[in-house]
Amino acid sequence: MTAAATAAKPANSAPAGKSTRSAAARAGRVLRRLAGMAATLLATSFLVFSSLFLAPGDPASFLIKGRSPSPEDLAALRSQYGFDEPFLVRYWNWLEGVLHGDFGRSYLFHQDVSSVIWSRLPSSMLLIAVSGLMIAVFGIGSGIIGALRRGSRTDRSLMLLVTVGAAAPAFVAALLLRSVFGVQLGWFPTIGNGEGLMDRLHHVILPAAALSVTFTALVTRVTRSAMLDELGRDHVEVALSRGAPRRTVIRRHVLRNALGPIVTVSALLVSGMLVSTAIVETAFGMSGVGSLLVQSVDQLDFQVVQAIVLLVVAAFVVVNALVDLIHPLIDPRTAAAGSAR
């Protein structure tokens, strides 16, 4: 009995030790990603704040609205807004406020920057959500169809559309969609945000389509490439040769293994769409964060510009980190490769 117990002990402790090392490796990976996120956001905040001194124009000149104040009044204005303080002192005060959710006060709207952005954010988030849904449905769907029908007329037609879509800027797509579906056919409104959920959805269809054209083309290419790569794997060919149902093989082995790059690219594209909304929202007269960014840059409202740029970078960094952490769950081969290294 004692000998058997002694012999069994190493066998039982080995999996426990391996599980502990695996958990520690995952925790270390998460901590490294969090530290990298914090460092990236800190460096970005410094660059964003520094852009105030690189941009043309003087915030004090904007605040006086073209008047000719006396030197004393101008000095008092600079002192009131902290323009006369050293750069590092101003940066530290701004960063401390950002960490507490205070991005300063808008020069243009005379409100807290947070309030100005939050009032515009729902419209932009709805636009991005509908665009993301279009990208997922049409981009991934077209990529799968093209891969399964490689070389066919359907595949060639899809690749032609993808090439045209990838080369079409968002403002060209916006003008074309407005002209055809808004003005000539009258199916959709061409300006404004709408009132109420259904009216907002009706207003956002054309802007979302214009925003998603280029991104859909990119996702289609990635999906088709990933699917073709998995279709050429040995285990897929063996499963098909043994008579396994094609649909089952495609679903369990091809599509599942191809999801890694598809999800990664799709998530990163959607996270970067906040900047692209500037063109689309301006073209369709929408009141969102994108149009707010354009207006703030034009009016030298630096506080709002800094907050929006920092928000965009933070969204991109967070999504990138989440994708990196989720990717091993989607594709276990990634986790196995990491453990082997």
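Residue numbers here run from 1 along each chain, matching the order of that chain's written sequence. Only residues with pLDDT of at least 70 get local features here, since the model is predicted, and only at 80 or more are side-chain atom pairs given and counted; chain-wide, interface and lining totals rely on the full set of residues. Side-chain measures here rest on the full set of heavy atoms in the structure, leaving out hydrogens and waters.

Quick word on the packing of helix α7 (residues 170-184) against helix α11 (residues 273-283)
And step 1. Only the stretch in contact is used when fitting a helix axis, every axis being a line fitted to C-alpha atoms; angles between N-to-C directions are given from 0 to 180 degrees. Here a strand is any run of E in DSSP of at least two residues, a helix any run of H or I of at least four, and the numbering for each starts at the N terminus. Direction vectors running N to C along α7 and α11 enclose 25°, while the axes themselves pass 9 Å from each other. Our classification of the angle between α7 and α11 gives roughly parallel. Considering only the axes of α7 and α11, their crossing is right-handed. Facing Ala170, Phe171, Ala174 and Arg178 of α7, the residues of α11 in contact are Ile279, Val280 and Ala283.
And step 2. For the contact of α7 with α11, the class distribution of residues is 6 nonpolar, no polar and 1 charged. Should an angle fall under 35 degrees it is taken as roughly parallel, and over 145 as roughly antiparallel, whereas 65 to 115 is taken as roughly perpendicular and any remaining angle as oblique. The hand of a helix crossing depends on one turn: near helix anticlockwise from the far one by less than a right angle means left-handed, and clockwise means right-handed. In this analysis, two residues are considered to be in contact whenever any of their non-hydrogen atoms come within 4.5 Å of each other. Each residue is assigned to one class: nonpolar for Ala, Val, Leu, Ile, Met, Phe, Trp, Tyr, Cys and Pro, charged for Asp, Glu, Lys and Arg, and polar for all the others, Gly among them.

A few points about the side chain of Glu281
And step 1. Structurally, the position occupied by Glu281 is in helix α11.
And step 2. As a buried residue without a salt bridge, Glu281 has its nearest oppositely charged side chain in Arg120, at a separation of 6.4 Å.
And step 3. A distance of 2.7 Å separates the side chain of Glu281 from the side chain of Ser124, its partner in a polar contact.
And step 4. In this view, Glu281 contacts Ser124, Leu127, Met286, Gly288, Val289, Gly290 and Ser291; residues no more than four positions away in its chain are not counted. Exposed residues in this analysis have more than 50% of their type's maximum accessible area, buried residues have under 20%, and partly exposed residues fall in between, with area computed by a 1.4 Å probe over protein chains only. We count Lys and Arg on the positive side and Asp and Glu on the negative side, and we leave His and both chain ends out. Whenever a carboxyl oxygen of Asp or Glu lies within 4 Å of a side-chain nitrogen of Lys or Arg, that contact is scored as a salt bridge. Throughout this description, a polar contact denotes any pair of N or O atoms lying within 3.5 Å of each other; where both atoms belong to protein, one of them has to be capable of donating a hydrogen while the other can accept it, and for residues adjacent in sequence the pair is counted only when both atoms sit in side chains.

Considering the packing of helix α5 (residues 113-148) against helix α12 (residues 289-298)
And step 1. As a packed pair, α5 and α12 sit with axes 8 Å apart at the nearest point and diverge in direction by 135°. Of the possible angle classes, the one that applies to α5 and α12 is oblique. On α12, the residues that touch Val116, Ile117, Arg120, Leu121 and Ser124 of α5 are Val289, Gly290, Ser291, Leu292 and Gln295.
And step 2. Class assignment for the residues of the contact of α5 with α12 results in 5 nonpolar, 4 polar and 1 charged.

What about the pattern of salt bridges?
And step 1. By the definition in use, this model includes 2 salt bridges.
And step 2. A salt bridge links Arg105 to Asp112; the shortest N-O distance between them is 3.7 Å.
And step 3. A residue is classified by how much of its surface remains accessible, and Asp112, at 40% relative accessible area, is partly exposed.
And step 4. Between Arg224 and Asp155 there is a salt bridge, with its nearest N and O atoms 2.8 Å apart. One end of the pair, Arg224, is in helix α8 (residues 197-231); the other, Asp155, is in helix α6 (residues 153-167), with 69 residues separating them in the sequence. Just as Arg224 is buried, Asp155 falls in that class too.

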